[in-house]
Amino acid sequence: MAIPLLFLLLSISLAPSHAATSCASYKFSNKKTFDKCTTLEHLSASLHWTYNSDGTLSIAFVAPPAAPSGWVAWGINPTAKSMVGTQALVAFKRTNGSMAVNTYNITSVSGIKESPILYEPSKLSSEFGSDGNIVLFATLKIGKSVESLNQVYQVGSSVTNGVPDEHAFNTDNLNSKAELVLSGSNFASMEPAPAPSNGSSEAAAPGASSGGNASSPAAGTNAAWRSSVSGLWNILVVLLVGCMVRF
């Protein structure tokens with residue numbers, strides 16, 4: 001029975017912690033803050049957002065492109081949770097090293113073309129973080145009293161002549177869509193976005209921890225998780241020694 005128990009404890013100790021990848025732990029290099037964030041289910045992506053009183057939605061979409069030369073996209077589909085019909089924002093690095101954010105009204109599954117979108121955009125910018133993520137910032141005019149919307153997001157591996165190439169069709173790519181709840185009964189279930197850092201005056205790299213001493217709920221959870229793992233490893237060592245003595 002010692003060996004099965006050993007493997008059980010090992011699997012528990014190596015189980016990933018959701019808090020370790022929570023969107024609430026993300027820090028932006030420009031120190032922007034948002035009211036809420038959502039750790040999205042696919043493509044290692046997250047959305048940080050604030051629904052402003054003037055009917056605009058300020059967002060930061062964070063995701064790693066499928067390759068360093070690739071792109072990331074986030075958009076709103078006013079009619080369905082699908083690619084076709086999405087009013088999309090796409091960010092990528094140009095050949096000269098600068099970052100681009102373009103708008104696309106997706107009318108087909110192939111051959112996208114830069115075009116105006118239904119939701120008037122402003123404050124468009126993006127950055128390529130040292131953590132491998134592209135961060136896409138934007139503010140969209142969606143109107144007041146919107147309770148929820150269909151968000152569609154995606155990543156790709158390459159850009160040709162300033163046009164994003166077709167993305168992969170893996171399970172994650174095909175399921176990268178979700179409801180974004182802005183108000184109503186489900187609103188409180190969203191994760192709070194991180195508070196601004198009040199430690200070091202130097203901006204942290206995207207995805208990096210704050211240089212100050214202030215702690216966050218996610219950091220506390222991670223510390224507790226590390227402590228639990230340490231304790232489990234101590235138990236494993238004792239069991240291993242016991243097994244060696246027995247056999």
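The structure we're discussing is the one just above.
Given the structure is predicted, the values throughout are model-derived calculations rather than measurements.

1. Quick notes on the pairing of strand S7 (residues 121-128)
As paired strands, S7 and strand S8 (residues 134-141) are joined by six bridges and run antiparallel to one another. Counterpart to Phe128 in the pairing with S8 is Ile134.

2. Things to note about the state of the cysteines
Tallied over the full model, the rule gives one disulfide. One disulfide in the model links Cys23 with Cys37; its S-S distance is 2.1 Å. Negative torsions about the S-S bond denote left-handed disulfides, and the value of about 75° found for Cys23 with Cys37 makes this one right-handed. Of this pair, Cys23 sits in the loop between helix H1 (2-13) and strand S1 (36-39) while Cys37 sits in strand S1, placing them 14 residues apart in sequence. Of the residues examined, Cys23 reaches a relative accessible area of 3% and is grouped as buried. Relative accessible area serves as the criterion here: at 0%, Cys37 is assigned to the buried category.

3. Quick word on the packing of aromatic side chains
According to the stated counting rule, one finds four aromatic pairs in the structure shown. The interplanar angle of 55° and the centroid separation of 5.3 Å between the aromatic rings of Tyr26 and Phe28 together place this pair among those described as tilted. Its relative accessible area of 10% is what places Tyr26 among the buried residues. Members of the aromatic cluster, joined through ring pairs, are Tyr26, Phe28, Phe34 and Phe137. Directly above the ring of Phe137 sits Lys32, whose terminal nitrogen or CZ lies 4.5 Å from the centroid.

4. Things to note about the pattern of salt bridges
In this structure the tally under the stated criterion is one salt bridge. In this structure, Glu120 engages Lys141 in a salt bridge whose closest nitrogen and oxygen atoms are separated by 3.5 Å. Note that Glu120 is positioned in the loop between strand S6 (99-105) and S7 and Lys141 in strand S8, a separation of 21 residues in sequence. Relative accessible area serves as the criterion here: at 45%, Lys141 is assigned to the partly exposed category.

5. A word on the nonpolar core
Leu57, Ile59, Phe61, Trp74 and Ile142 are the most contacted members of the largest nonpolar core, which totals 29 residues. Among the secondary structure elements, those contributing two or more residues to this core are strand S2 (46-51), strand S3 (56-63), strand S4 (71-77), strand S5 (87-93), S6, S8 and strand S9 (148-156). With eight residues, the next largest nonpolar core counts Ala73, Ala88, Phe92 and Tyr104 among its residues.

6. A few points about a nonpolar patch on the surface
Together, Met83, Val84 and Val109 make up a nonpolar patch on the protein surface, roughly 230 Å² of accessible area in all. Its location among the elements puts Val109 in the loop between S6 and S7. Among the residues examined, Val109 registers a relative accessible area of 55% and is labelled exposed.

7. Points about the environment of Glu166
Here Glu166 lies in the loop between strand S11 (163-164) and helix H2 (171-174). Sequence separation between Glu166 and Ile112 is 54 residues; the distance between their C-alpha atoms is 9.1 Å.

Cut-off values and rules
- Residues numbered from 1 in each chain as written.
- Predicted model: local features only at pLDDT ≥ 70, side-chain atom pairs only at ≥ 80, totals over all residues.
- Heavy atoms only, no water.
- Pairing = 2+ DSSP bridges.
- Helix = DSSP H or I, 4+ residues; strand = E, 2+ residues; numbered from the N terminus.
- Disulfide = S-S within 2.5 Å.
- Buried < 20%, exposed > 50% of the residue type's maximum accessible area, 1.4 Å probe, protein only.
- Phe/Tyr/Trp six-rings, centres within 6.5 Å; stacked < 30°, edge-to-face > 60°.
- Lys NZ or Arg CZ within 6 Å of the ring centre and 35° of its normal.
- Salt bridge = Lys/Arg side-chain N within 4 Å of Asp/Glu carboxyl O.
- Core = buried A, V, L, I, M, F, W, Y, C linked by side-chain atoms within 4.5 Å.
- Patch = residues over 30% accessible without salt bridge, like charges linked within 9 Å, V, L, I, M, F, W, Y side chains within 5 Å.
- Areas by Shrake-Rupley, 256 points an atom, 1.4 Å probe, with all protein chains shown as cover.

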